[in-house]
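Listed here are the chains, written in short residue letters.
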Amino acid sequence: MLLSSKLPGIGTSIFTVMSAMANEHGAINLSQGFPDFDCSDRLKGLVEKYMRLGYNQYAPMPGVPALRKIMAEKIKALYGLSVDPDTEITVTAGATQALFCAISTFIRPDDEVILVEPAYDCYRPAVEVNGGRPVTYEMSAPDYTIDWRLLERLITWKTRMIVVNTPHNPTGKTLKNSDWRELQHIAVNRDIIVLCDEAYEHLVFDGQRHESLLRYPKIFERGLAVFSFGKTLHTTGWKLGCIVAPPDLTKEFRKVHQFNVFAVNTPMQHAVAEFFEEPEEYLALNGFFEKKRDFLLSAMKGSRFRPIHSEGTYFQLFDYSAISDEADTEFVKRLITEHGVAAIPVSVFYSSRKNERVIRLCFAKTEETLAKAGELLKKI
Ligand code: PMP
Ligand code: GLN
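Residues numbered from 1 in each chain as written. Chains lettered and ligands numbered in written order. Predicted model: local features only at pLDDT ≥ 70, side-chain atom pairs only at ≥ 80, totals over all residues. Heavy atoms only, no water.

**Notes on the packing of aromatic side chains**
And step 1. The tally for this structure, following the rule as stated, stands at 18 aromatic pairs.
And step 2. Seen from their ring centres, F205 and F363 are 6.1 Å apart, and the 50 degrees between their planes marks the pair as tilted. Of this pair, F205 sits in the loop between β6 (193-197) and α9 (217-220) while F363 sits in the loop between β13 (358-362) and α16 (367-378), and the two are 158 residues apart along the sequence.
And step 3. The class for F205 is buried, based on a relative accessible area of 0%.
And step 4. Taken together, a centroid distance of 5.9 Å and an interplanar angle of 80 degrees make the contact between Y314 and F315 edge-to-face.
And step 5. On the accessibility criterion, F315 (1% relative accessible area) is buried.
And step 6. The rings of F37, Y200, F288, F289, Y314 and F315 are connected pair by pair, giving a single aromatic cluster.
And step 7. Positioned above the aromatic ring of F315, the side-chain terminus of R360 is 3.5 Å from the ring centre.
And step 8. Of note, K365 hangs over the ring of F34, and the distance from its end group to the ring centre comes to 3.8 Å. (Phe/Tyr/Trp six-rings, centres within 6.5 Å; stacked < 30°, edge-to-face > 60°. Helix = DSSP H or I, 4+ residues; strand = E, 2+ residues; numbered from the N terminus. Buried < 20%, exposed > 50% of the residue type's maximum accessible area, 1.4 Å probe, protein only. Lys NZ or Arg CZ within 6 Å of the ring centre and 35° of its normal.)

**A closer look at the environment of I308**
And step 1. Along the chain, I308 turns up in strand β9 (residues 306-308).
And step 2. For the pair I308 and L46, spaced 262 residues apart in sequence, the C-alpha separation works out to 39 Å.
And step 3. The residues touching I308, leaving out its near neighbours within four places in the chain, are A141, P142, Y144, K173, Q316, L317 and V358. (Contact = heavy atoms within 4.5 Å.)

**Considerations on the sheet that holds β13**
And step 1. Strand order in the open sheet made by the 4 strands is β9-β10-β13-β12, with antiparallel pairing throughout. The open sheet has two free edges, formed respectively by β9 and β12 (344-345), since each of these has just one partner strand.
And step 2. Contacting β9, β10 (315-319) and β13, helix α14 (residues 285-299) crosses the sheet at an angle of about 25 degrees to β10. (Pairing = 2+ DSSP bridges. Axes fitted to C-alpha atoms, helices over the stretch in contact; angles between N-to-C directions.)

**Some thoughts on the environment of H210**
And step 1. Following the sequence through the fold, H210 ends up in the loop between β6 and α9.
And step 2. C-alpha of H210 to C-alpha of T174: the two residues are 36 residues apart in sequence and 8.0 Å apart in space.
And step 3. Residues in contact with H210, not counting those within four places in the same chain, are Y79, T166, P167, E198, E201, V204 and R215.

**Let's talk about the site of ligand 2**
And step 1. Around ligand 2, the neighbouring residues are F15, Q32, G33, Y120, N169, F315 and R360.
And step 2. One of the backbone nitrogen or oxygen atoms of G33 is found 2.6 Å away from an oxygen atom of ligand 2.
And step 3. For ligand 2, whose free accessible area comes to 300 Å², the fraction covered by protein is 78%.
And step 4. Of the residues that constitute the shell around ligand 2, the class distribution is 3 nonpolar, 3 polar and 1 charged. (Near = heavy atom within 4 Å. Polar contact = N/O pair within 3.5 Å; in protein donor to acceptor, adjacent residues only side chain to side chain. Areas by Shrake-Rupley, 256 points an atom, 1.4 Å probe, with all protein chains shown as cover. Nonpolar A, V, L, I, M, F, W, Y, C, P; charged D, E, K, R; others polar.)

**Observations regarding the environment of E211**
And step 1. Within the element layout of this structure, E211 appears in the loop between β6 and α9.
And step 2. Along the primary structure E211 and D41 are separated by 170 residues, whereas in three dimensions their C-alpha atoms are 31 Å apart.
And step 3. Within the local environment of E211, its side chain forms a polar contact with the side chain of Y216, the two groups lying 2.5 Å apart.

**So, the pairing of β10**
Side chains on a regular strand alternate between the two faces of the sheet.
And step 1. Of all the 5 residues making up β10, 5 are buried; the element is thus mostly covered by neighbouring parts of the structure.
And step 2. Residues F315, L317 and D319 of β10 are buried on one face, and the alternating residues Q316 and F318, pointing to the opposite face, are buried as well.
And step 3. Note that β9 and β10 share 3 bridges and pair antiparallel. Looking at the pairing, R306 lines up with D319 of β10.
And step 4. Remark: 6 residues form the turn of the hairpin made by β9 and β10, two consecutive strands paired antiparallel; T313 in that turn has positive phi of roughly 80 degrees.

The following block contains the structure:
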C-alpha cells in the first residue's frame, strides 16, 4: 500500500534506543529516566487490596473520585489554588497521554505552538500529527534560561499555545517566579494557551520551591498543568498521571480524552488515592533525589566531565568538551561500547543540530549503581 506518513521524520525514541544498547552491551544504564529501585511495599499492598476488593472494572471517565479529591487537597496545600475535582482534574495514562490529548484538543491545522528547546521528545510529534506548526525557542548551555523578550518575538496571530516544562528535562533547570511573570505578560490578553509539563513537581533541589503554573491564577485561566505519578511514586511503568485545568478547558480536554483512553487503570487509582493521604512520602522526595544528585556529583569528582548545575528532575548534565570533540550522538555510543556506561546525548532534544558537547545522566539509581558509573567515567 502507498502510505504517506504523518510523521515522516520520526524514528524510535532515543530512550528506547539507548536502553536497548545498554542492555546489549551490559552497560550501566544512566540513559532512560527510570529508577533502578522499587516502589514502596505499602503502595504495592494497596494495589493488591483494591484488586482483591473487586475494583477491577472501568473507572469513571475523568478518574476515580477519591484520587481527584486528594489531588485537589494536595494542590491547595502545595500551590494555594482551590480546584474543583469534578470539573478541573482529569486522571490520565501518565503525563504523556495528558500532553498528547491536551495538544490534540486545542491545536488545529496551521496553529503555531511555541516549544522551548532542548525539549522533551513528545511535544513536537503531538503538534505535528495534529497539523500544527512547532515554532522553536532555543536555550543554550550552560545556563539554559529563557529570554522572554526574544521568545515574544516568535508570537504571531497564529500562535495558539506555549509549552513549558519545569523542572526541565533534560537540563534540570527550573522556571522562577520572574519567568512566570514574564510568561503571564505574554500569554494573558492574547489568545494563547499555556501547557506546563510538571512531571517532576516533587524533584526540586537546594531549598527552592516548585513554581507550578497553579500558583499563577491569571495564567491558570488559560493554562493546563500536567503531572506524572510515575515520578512521584517510583512507578514509571504504571503510566498514571493527571491534568489540571479550568472547567472550560477541562470540558474540551475530556471530549478527546474520553475517546482516547476513556478511563485509566482502576485499582491503581484507588491505591494512589490512599497512598497520597500521607504526604510525608512525596514531600521527602526533594531531599531523597537531591542526595542522589550530590552522590553522583561526588562520584564524578576528579573526572574530566564538567557538571552543569541541576536544580531538579532525575537528571544531571555533563559537558565533555575537555575529553572529546566528537558529536554527542557518537560520543554516547563510545561511552557504552568502550566504557560501559549509557547516557543520553542532549542534541537529540533540539530540532536543529547543536554542536554542544553535553550528555545527560540519570541519577534515579541506587548509590551502588552511581558509584560504579562514577568509577568508569573517571577513567576517561
Ligand atoms: N514529561 C517529562 C518532562 C518527562 O521526563 C516524562 C517522562 N519521564 C514525561 C513527561 C512522561 O511521563 P509519563 O511516564 O507519566 O507519561
Ligand atoms: N522521560 C524519560 C526520560 O527522559 C523517558 C520516558 C520514555 O522512555 N518515553 O528518560
